Amino acid sequence: GKGSGVARALCKEAWDFIDDRSNIPTNPYGRWCQSLLEEDEDFADGLRLHLQTKGKYVKAEDIVEYTGLPEVQERHGLKKAVSIATARRWMNTLGYRWRLTFRGQYVDGHEREDVVYYREKTFLPMWDEIKDRLRHWNPDGSECPPDPAKANLRRVVVWYHDESTFYAHDRRRSQWVNEAVDAPSPHAKGEGHSLMVCDFVSADYGWLRSKDGKDSARVLFKAGKARDGWFTNEDILAQAKKALAILRRDYPDEDHILVYDNATTHTKRAEDALSARKMPKGTPKTGNWLLETMVVDEDGEVQTVKAKMRSGYFRDGTPQSFYFPDDHPTHPGIFKGMEVILTERGYTDVKKLRYECKGFKCKPQTADGPPCCCRRLLFNEPDFAGVKSRLEEVCQAEGFKVVFLPKFHCELNPIEQCWGHAKRVYRLNPPSSKEDDLERNTIAALADVDITHIRR
């Protein structure tokens, strides 16, 4: 039914094959038409550039739109725009796939001025200072031979701290399924019970443990109003003290640095710490200016009491009380006010300065220029600018250093990879809503984090 022309062509191909057995006839099926996207590189490059201009949410309709442009049709000999089906095939050819967008690390605020300043002036110089005292590791987890010139330096061990929450119903969501056998099954609603894990890890020793393995700095916390409550700065301090006791007893031959993220739970200052935020400019004419502090009474109840702010320091290190002495003739025990405090520190014409700039958004100041407000002057004083957190005060009193990661830089904390490995293992467990199973499976998953993986 194809006609004599097809018969003659087939006959010719047969005789050619008889004469030359290497001349094998080919079947052109599927190659009658070649895609313009494959045969015209200029068209493909122009289409890619067009899709890039569409931003993040590119779609197949953008290809239809491009091929419908008169100048594109004239340049490439098109008579009409391609169909939506062809556009979707071309999307795959160009490397696009329809899927959920994968999320990477958060970058919000990475280049904020205060974050950059802390990262460049405090955080990175600290690492440069201790790099020769750190152990370094090969890809297989073995220790790199130390530089002979620096082998006698006292070693520094860096312990990274973080919290992570495991959920009872958190299980694998992707798997191979036999559609003929595996029917959808009911599953538990919601995330189920939660268990927060708070721990330290280092490349030198893994999770922070005593050498005999009997003591640990790990905290398991059931967060919630009707459970253990909320993890506070007091809990952070208690855990830090426990960690310091282990390090002091079992690892006394090394210096230890505790690295925390820049969360307010970690950076909280003492309630009587220096702060010019609410200080009055002048000496109170009635009453006194005091701080509200929280104390626990004999019955274990939290009470709010008034207390004086701790003393500051002059630039030569001499203490400066912010309150007049109790035997002062006119203001016994009364707060001095910012005007008097600054005058005692050597500033002149303070009385002419405003209390603070509107919203504390001061204009940029020069070294030789006049000050703008009282609060900014005090804010920049060394004792006010160098106020330490409660966590730093507790650790430094025991001879340990605390370092805070730059804000928004969780990717700098390697313990995040430990949490990821543990949760991958945890999700392999059979489904369960029981809290006992949640805790047991969580501990087992954390134990699966091998020291070799940490060092990589």
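All residue numbers here refer to positions counted from 1 along the written sequence of the relevant chain. Whole-chain, interface and lining totals are the exception, using all residues; otherwise, since this is a predicted model, local features are given only for residues with pLDDT of at least 70 and side-chain atom pairs are given and counted only at 80 or more. Side-chain calculation: all heavy atoms of the structure are included, whereas hydrogens and water are not.

If you look at the biggest cluster of nonpolar residues, it comprises 28 residues, and the most contacted ones within it are Trp127, Ile130, Val158, Phe166 and Trp207. Only DSSP runs of H or I reaching four residues or more are called helices, and only runs of E reaching two or more are called strands; each is numbered from the N terminus. Elements represented by at least two residues in this core include exactly helix 7 (113-130), strand 1 (156-167), strand 2 (194-202), strand 5 (255-260), helix 14 (415-426) and helix 15 (435-447). Contacts are residue-level and defined by heavy atoms, with any inter-residue pair within 4.5 Å sufficient. Setting aside residues no more than four positions away along its own chain, isoleucine 130 makes contact with Val156, Val158 and Ile257. We call a set of buried residues a nonpolar core when its members are Ala, Val, Leu, Ile, Met, Phe, Trp, Tyr or Cys and they connect through side-chain atoms within 4.5 Å of each other. For every residue, the accessible area obtained with a 1.4 Å probe (protein chains only) is divided by the maximum for its type, and the residue is called buried under 20%, exposed over 50%, and partly exposed between those limits. Counting 24 residues, the second-largest nonpolar core is a separate cluster that includes Phe200, Phe231, Ile246 and Phe400.

When helix 13 (residues 390-397) is considered as a whole, its buried residues turn out to be Leu391, Glu392 and Cys395. One face of helix 13 carries all of its buried residues, which in axial projection span an arc of 95°. In this structure, the buried side of helix 13 is in contact with helix 8 (233-250), strand 5, helix 9 (264-267) and strand 10 (401-404). By arc we mean the arc of the directions from the helix axis to the C-beta atoms, nothing more.

Here the focus is the layout of surface pockets. Only protein atoms enter the calculation, which uses a 1 Å grid: trapped sets of points that fit a 1.4 Å probe without letting it out are cavities, open sets showing protein on both sides within 12 Å along at least five of seven lines are pockets, and any residue with an atom within 4 Å of a point is a lining residue. Grid points are joined across faces, edges and corners, and a volume is the space filled by probe spheres set on the points. Its volume calculated, the largest pocket comes out at about 1,700 Å³. What lines the largest pocket is a set of 37 residues, among which Tyr118, Arg269, Ala385, Val387 and Lys407 lie closest to the centre. For the lining of the largest pocket, the secondary structure elements donating two or more residues are helix 7, helix 9, helix 11 (374-379), helix 12 (382-385) and strand 10. If one sorts the elements of the lining of the largest pocket by residue count, helix 7 sits on top with 8 residues. Asp, Glu, Lys and Arg are counted as charged, while Ala, Val, Leu, Ile, Met, Phe, Trp, Tyr, Cys and Pro are counted as nonpolar; the rest, among them Gly, fall into the polar class. A per-class count over the lining of the largest pocket returns 18 nonpolar, 8 polar and 11 charged. Start and end positions for the domains come from either an automated domain assignment or a database one. Residue contributions to the lining of the largest pocket reach at least three from each of two domains, namely domain 2 (113-174 + 190-267 + 404-455) and domain 3 (291-386).

So, on to the domain arrangement of the protein chain. One can read the domain layout of the protein chain as domain 1 (4-94), domain 2 (113-174 + 190-267 + 404-455) and domain 3 (291-386). Computed from C-alpha atoms alone, the centre-to-centre distance between domain 1 and domain 2 is 55 Å.

Turning next to the confidence of the model for the protein chain. Interpreting fine coordinate detail is not advised for predicted regions of low pLDDT. Per-residue confidence from the predictor is reported as pLDDT, which spans 0 to 100. With 95% of its residues at a pLDDT of 70 or more, the protein chain shows a mean pLDDT of 89. Across the protein chain, strand 5 holds the top mean pLDDT of 97, while strand 6 (residues 291-296) sits lowest at 80.

What follows concerns the pattern of salt bridges. Throughout this description, the term salt bridge denotes a Lys or Arg side-chain nitrogen within 4 Å of a carboxyl oxygen of Asp or Glu. Tallied over the entire structure, the rule returns 33 salt bridges. Between aspartate 128 and lysine 131 there is a salt bridge, with its nearest N and O atoms 3.1 Å apart. Overall, the relative accessible area of 47% leaves aspartate 128 in the partly exposed class. Accessibility expressed as a relative area gives 41% for lysine 131, which makes it partly exposed.

What follows deals with helix 8. Taking 1.5 Å as the rise per residue, helix 8 with 18 residues should run 26 Å; its terminal C-alpha atoms sit 26 Å apart, in good agreement. Residues of helix 8 that are buried include every one of Asn233, Ile236, Leu237, Gln239, Ala240, Ala243, Leu244, Ile246, Leu247 and Asp250, and no others. Here, expected helix span is obtained from the residue count minus one, scaled by 1.5 Å.

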